[in-house]
Amino acid sequence: MDKRNLELEKDLKRAIIGIVTLCIIIGSSVWIYFLYVNHITPQIFYYDIKLGMSKAEVLYIKGIPNSVLDEAKDKKLKGFKLIIPTKEIEKNKTFRDFNYWEYELSSYRSEDITISFDQSTGKVIKISCYSNGYSCTSILGIYTGTLEEKIIDKLGKPENSELTGINKKLSYPSINLFFYLEKQKVYKYNMGISKN
């Protein structure tokens, strides 16, 4: 084999190695891109509110809440919260004295968000949306009214699932999401570090 053929063979090998390397780089880049695009990260923002915000920040963003929630004083109602319209709060208190603020987003569609604050730090630990229709702003493409099977298709099997009478709770604490269902449809969801 002459010198010229040896050079051509070396060039051909380099070209093949270059093409294979380029294909590997492009293939890896596409694979990494699709992994990133489809990766679900923990949710921390909802309705412009971020987990960890202070009451002052929430007040600045959302204004005065329509109502607050307070623990029921009647022992028969233990675990339940009473809705108190802001205008009807006792005279020696203000809405700032409560750890659950409720904002009515639409009276026509019965859509409310509740912001829960940590008792000791006063920081947001949970943001909940309740609706009797399809009106809560979606989280990861899931709305109130979404079927259970669609949630599982989108997010995978829940980390925990609880059936309580006619309701079901699907928990995804690793991404800060908790869905409440009735008749296989979402009626409420929570974003937060609290599991309630």
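Each remark here, short or long, concerns the structure printed above.
Moving on to the overall build of the protein chain. Along its length, the protein chain carries three helices and eleven strands. In the protein chain, the order of α-helices and β-strands from amino to carboxyl end is α-β-β-α-β-β-β-β-β-α-β-β-β-β. For the protein chain, long-range pairs separated by at least 24 residues make up 46% of all intrachain contacts whose partners lie at least 6 apart in sequence. Put simply, the protein chain shows about 13,300 Å² of open surface, and 57% of that area lies on carbon and sulfur atoms.

Okay, the side chain of K55 next. By the element assignment, K55 lies in helix 2 (residues 55–62). Here K55 sits buried without a salt bridge, and the closest side chain of opposite charge, D97, lies 6.8 Å off (N-O distance). Only 2.8 Å separates the side chain of K55 from the backbone oxygen of R96, close enough to count as a polar contact. If we ignore the near neighbours within four places in the chain, the residues touching K55 are R96, D97, F98, N99, W101, F117 and G122.

Looking at the secondary structure, you find S131 in strand 7 (residues 124–131). Separated by 13 residues in the primary sequence, S131 and T144 place their C-alpha atoms 6.4 Å from one another.

Turning to the nonpolar core, a few remarks are in order. In this structure, Y46, V58, V124, I151 and F179 are the most contacted members of the largest nonpolar core, which totals 34 residues. Of all the elements in the fold, those that place two or more residues in this core are helix 2, strand 5 (100–106), strand 6 (111–117), strand 7, helix 3 (148–155), strand 9 (167–172), strand 10 (177–182) and strand 11 (185–192). Aside from chain neighbours lying at most four places away, what touches I151 is I142, T146, G156, L170, Y172, F179, L181 and V186.

Even without being glycine, Y47 reaches a positive phi, approximately 50°. Mapped onto the fold, Y47 is located in the loop between strand 1 (45–46) and strand 2 (49–50). A relative accessible area of 18% places Y47 in the buried class. Even without being glycine, D48 reaches a positive phi, approximately 70°. Relative to the elements of secondary structure, D48 occurs in the loop between strand 1 and strand 2. A relative accessible area of 57% places D48 in the exposed class.

What follows deals with the packing of aromatic side chains. Taken as a whole and judged by the stated rule, the model has seven aromatic pairs. Taking 6.0 Å as the distance between ring centres and 70° as the angle between the ring planes, the aromatic pair formed by Y46 and Y189 counts as edge-to-face. A residue pair is termed long-range when its members are at least 10 positions apart, and Y46 in strand 1 and Y189 in strand 11 qualify at 143 residues. Here the aromatic rings of Y172 and F179 are separated by 6.1 Å at their centres, their planes lie at 80°, and the arrangement is edge-to-face. By the burial criterion, Y172 is buried, and F179 matches it. The structure contains a cluster of three or more aromatic residues connected by ring pairs, namely Y46, Y47, Y172, F179 and Y189. Sitting over the ring of F117, K55 keeps its end group 5.4 Å from the ring centre. It is K188 that lies over the ring of Y180; its NZ or CZ is 5.1 Å from the centre.

Glancing now at a nonpolar patch on the surface. On the surface, a cluster of nonpolar side chains totalling about 380 Å² of accessible area is made up of L12, I16, V20 and I24. For I24, the position within the fold is in helix 1 (residues 3–37). On the basis of relative accessibility, which here comes to 53%, the residue I24 falls in the exposed class.

The rules we used
Residues numbered from 1 in each chain as written. Predicted model: local features only at pLDDT ≥ 70, side-chain atom pairs only at ≥ 80, totals over all residues. Heavy atoms only, no water. Helix = DSSP H or I, 4+ residues; strand = E, 2+ residues; numbered from the N terminus. Contact = heavy atoms within 4.5 Å. Areas by Shrake-Rupley, 256 points an atom, 1.4 Å probe, with all protein chains shown as cover. Buried < 20%, exposed > 50% of the residue type's maximum accessible area, 1.4 Å probe, protein only. Lys, Arg positive; Asp, Glu negative; His and termini not counted. Salt bridge = Lys/Arg side-chain N within 4 Å of Asp/Glu carboxyl O. Polar contact = N/O pair within 3.5 Å; in protein donor to acceptor, adjacent residues only side chain to side chain. Core = buried A, V, L, I, M, F, W, Y, C linked by side-chain atoms within 4.5 Å. Phe/Tyr/Trp six-rings, centres within 6.5 Å; stacked < 30°, edge-to-face > 60°. Lys NZ or Arg CZ within 6 Å of the ring centre and 35° of its normal. Patch = residues over 30% accessible without salt bridge, like charges linked within 9 Å, V, L, I, M, F, W, Y side chains within 5 Å.

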